[in-house]
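# Survey of secondary and tertiary structure
Chain by chain, the residues:
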Amino acid sequence: MIRPTGYNSKSSFERSDPPLVVVHRREKSPMSPMGRGTAEEALVLLRRRLCDPNFIFSDSPDSNYSKLKFIVSSSVTEACNNSILLLGPRGCGKIAVLDLVLEDLLKEYPEMISVIKLNGLLHCDDNCALKEIARQLCIEHELMFSKMASFDDNSQFMIAMLRECGLAHKTVIFILDEFDLFAQGKQRLLYSLLDAMQSVTSQAVVIGVSCRLDADQLLEKRVRSRFSHRKLLFHPPPKDDLQRLLKHILLLPTDSSLPHDYVTEFNSKISNILADKRFMEVIDKLSDSDSTFSNFIRFLFSAVSLMDLKSGFMTLDNFKSALSSIQRQPKLDCLKDCSILEFYIMVCMRRLETKGQELYNFNSVMNEYKSVHDSYQLQTHDYHSRSVCLRAFEHLLDRQLIEFADRGHNQTMEFRAVKLLISSFELHQGLKSNRLLPVILQKLMESKN
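Residues numbered from 1 in each chain as written. Predicted model: local features only at pLDDT ≥ 70, side-chain atom pairs only at ≥ 80, totals over all residues. Heavy atoms only, no water.

A few words on the overall build of the protein. Broken down by element type, the protein carries 21 helices and seven strands. Counting across all 449 residues of the protein, residues that qualify as buried make up 43%. Long-range contacts, defined as pairs at least 24 residues apart, comprise 70% of the intrachain contacts of the protein with a sequence gap of at least 6. Entry remark: accessible area of the protein is about 25,700 Å², with carbon and sulfur atoms responsible for 52%. (Helix = DSSP H or I, 4+ residues; strand = E, 2+ residues; numbered from the N terminus. Buried < 20%, exposed > 50% of the residue type's maximum accessible area, 1.4 Å probe, protein only. Contact = heavy atoms within 4.5 Å. Areas by Shrake-Rupley, 256 points an atom, 1.4 Å probe, with all protein chains shown as cover.)

Let's shift gears to the pairing of strand β4 (residues 204–210). Most of β4 sits out of view: seven of its seven residues are buried. Judged by which residues are buried, β4 turns out to be covered on both faces: A204, V206, G208 and S210 on one side and V205, I207 and V209 on the other are all buried. Note that strand β1 (residues 82–87) and β4 share six bridges and pair parallel. Within the sheet, the bridge partner assigned to N82 lies in β4 and is V205. (Pairing = 2+ DSSP bridges.)

Where helix α3 (residues 64–77) contacts helix α4 (residues 94–108), the two axes come as close as 10 Å, and the packing angle between them is 45 degrees. As far as their axial angle goes, α4 and α3 are oblique. With respect to the hand of their crossing, α3 and α4 are arranged in right-handed fashion. Facing α3, whose interface residues are N64, Y65, L68, K69, V72 and S73, α4 presents V97, L98, L100, V101, D104, L105 and E108. Its residues assigned to classes, the contact of α3 with α4 shows eight nonpolar, two polar and three charged. (Axes fitted to C-alpha atoms, helices over the stretch in contact; angles between N-to-C directions. Parallel < 35°, antiparallel > 145°, perpendicular 65-115°, else oblique. Left-handed = near helix turned anticlockwise from the far one by under 90°. Nonpolar A, V, L, I, M, F, W, Y, C, P; charged D, E, K, R; others polar.)

Reading across from one edge, β2-β3-β4-β1-β5 is the order of the five strands in this open sheet, with parallel pairing throughout. Two strands lie at the open edges of the sheet, namely β2 (113–119) and β5 (230–233), each paired on one side alone. Pairwise comparison of adjacent strand axes, ignoring direction, gives a mean angle of 20 degrees for this sheet. Here β1 runs beside β5; their pairing, made up of four bridges, is parallel. Bridged to L85 within β5 is K231.

Another aspect to go through is helix α7 (residues 151–167). In this model α7 runs 25 Å from its N-terminal to its C-terminal C-alpha over 17 residues, within 8% of the 24 Å that 1.5 Å per residue would give. Its buried side turned inward, α7 meets α6 (126–140), β3 (171–177), α9 (188–196) and β4. (Expected span 1.5 Å × (residues − 1).)

Of the residues in the protein, 88% reach a pLDDT of 70 or more, and the chain-wide mean stands at 83. pLDDT under 50 marks residues 1–34. Its contacts with residues more than four places away, or in other chains, come to 18 contacts. (pLDDT = per-residue confidence, 0-100.)

So, on to the packing of aromatic side chains. Aromatic ring pairs are reported here in terms of the distance separating the ring centres and the angle at which the planes meet. Tallied over the full model, the rule gives nine aromatic pairs. Here Y262 and F266 contribute two aromatic rings whose centre-to-centre distance is 5.9 Å and whose plane-to-plane angle is 40 degrees, an arrangement assigned as tilted. Within this pair, Y262 and its partner F266 are both found in helix α12 (residues 260–274), separated by four residues, close to a single helical turn. Taken individually, Y262 and F266 each receive the classification buried, so the pair is uniform in this respect. (Phe/Tyr/Trp six-rings, centres within 6.5 Å; stacked < 30°, edge-to-face > 60°.)

Taking 1.5 Å of rise per residue, the 13 residues of helix α14 (residues 293–305) would be expected to cover 18 Å, and the 18 Å separating its terminal C-alpha atoms lies within 8% of that figure. By the burial criterion, the buried members of α14 are F293, N295, F296, I297, F299, L300, S302, A303 and V304.

This part is about the packing of helix α17 (residues 340–354) against helix α18 (residues 362–376). One can describe the packing of α17 onto α18 by two numbers: an axis separation of 9 Å at closest approach and a directional angle of 100 degrees. Relative to α18, the element α17 is oriented roughly perpendicular. Within the contact between the two elements, α17 uses L341, Y344, I345, C348, M349, R351 and L352 and α18 uses S364, V365, E368, Y369, V372 and Y376. When its residues are assigned to classes, the contact of α17 with α18 shows ten nonpolar, one polar and two charged.

Glancing now at the pattern of salt bridges. Taken as a whole and judged by the stated rule, the model has 18 salt bridges. Salt-bridge contacts for E178 lead to R90; the nearest nitrogen and oxygen are separated by 2.9 Å. With E178 in the loop between β3 and α8 (179–182) and R90 in the loop between β1 and α4, this pair connects stretches of sequence that are 88 residues apart. Owing to a relative accessible area of 53%, R90 belongs among the exposed residues under this scheme. Among the ionic pairs, R135 bridges to E132, the shortest N-O distance being 2.7 Å. Of this pair, R135 and E132 both sit in helix α6, separated by three residues, roughly a single helical turn. Through salt bridges with shared partners, a single network forms among K69, D104 and E108. (Salt bridge = Lys/Arg side-chain N within 4 Å of Asp/Glu carboxyl O.)

Within the secondary structure, D177 sits in strand β3. Put simply, D177 is tucked away with no salt bridge, and the nearest opposite charge, on R90, sits 6.3 Å away. Here D177 is in contact with I95, L118, N119, G120, F182 and V209, once residues within four sequence places are set aside. (Lys, Arg positive; Asp, Glu negative; His and termini not counted.)

See below:
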């Protein structure tokens, strides 16, 4: 008789003690859903930091953010006119800091600020710039805008609006991006704007943004005399600041919702990476090519995105891969589509340079090409006629991998001096990356004869 499991032999209706079941609990591994979810949460947090300028550009008393905010907020609260220049190389955070300051001030004084934005690339013409100012003022104050208004009409309208805004205790902030382009020509816009700010009733702030450090020296005497001569300089971050910024961005907060053990181990691994000499070499290579804030943040975002979600931690290889992915190599990209014959021509040109021949033309290259063929007994399909080689030579000129060394156009193409526009290292890299190329090309590059 087969009895139901869990019942004794006396009665089928009397329950016996359930059998003891031993459950072996497995430790959480990085592959578990909870571990992967923790890594994804950390990845989202790091990406959010990198996309938040407010987190990156700290508001310390010595920062340009604090200085600019103090100057503009003082002009708003004290009802005075002001002008300032933000100068520094492209990508150093001038516009990012300015946007943060405007965002904060618009929250603090929503009814006391009106922002007018111009760009020198679009509005360098004085008439066009004043028309754009009038258009934005009309939109801001819900007025009708006339496209047919002249320069003088728009100038008088701007002066009247500045007077009305001053009486209403409202500050008009003019943002002049690419400021140096407004300083070209007669500078009528800058003179009209700064001259209108000399009135007691007006209330305005002019903020110029330029990558030229001598932008204020481009101003005419009449314009310079009305300018406040305040300047904030933005520089690429030095190594000490980079180290602080790396820790500020990459170290996870201990008071977050992430598990404490995970945060401790993650921060320990990041600290070890930052102290590694190989990591500093990666940072040095990055700074050598582009030391701006924008490039640095783009590099960090790429490295963070490469984090392995299975392990949940970042490695040195993430930063190395990020460096190779963001470094522009346009010449190597051009080499990818080159034919075997075109590689032969470039290798022959490099061989001529190695032999000390600074100037050479198509005929010299063809002589070297024939010499290589005779010396190394190239296969038949690797040796082409002169006309075919000339078309490949023209193709290299079109791709700007080679160019003519002289400016004369009297000679035919075969006799004009040319030079190679890629380095020996780049040509080596192009040969290594293309597996379809014959091995003889590598030997030709390495051989001096």
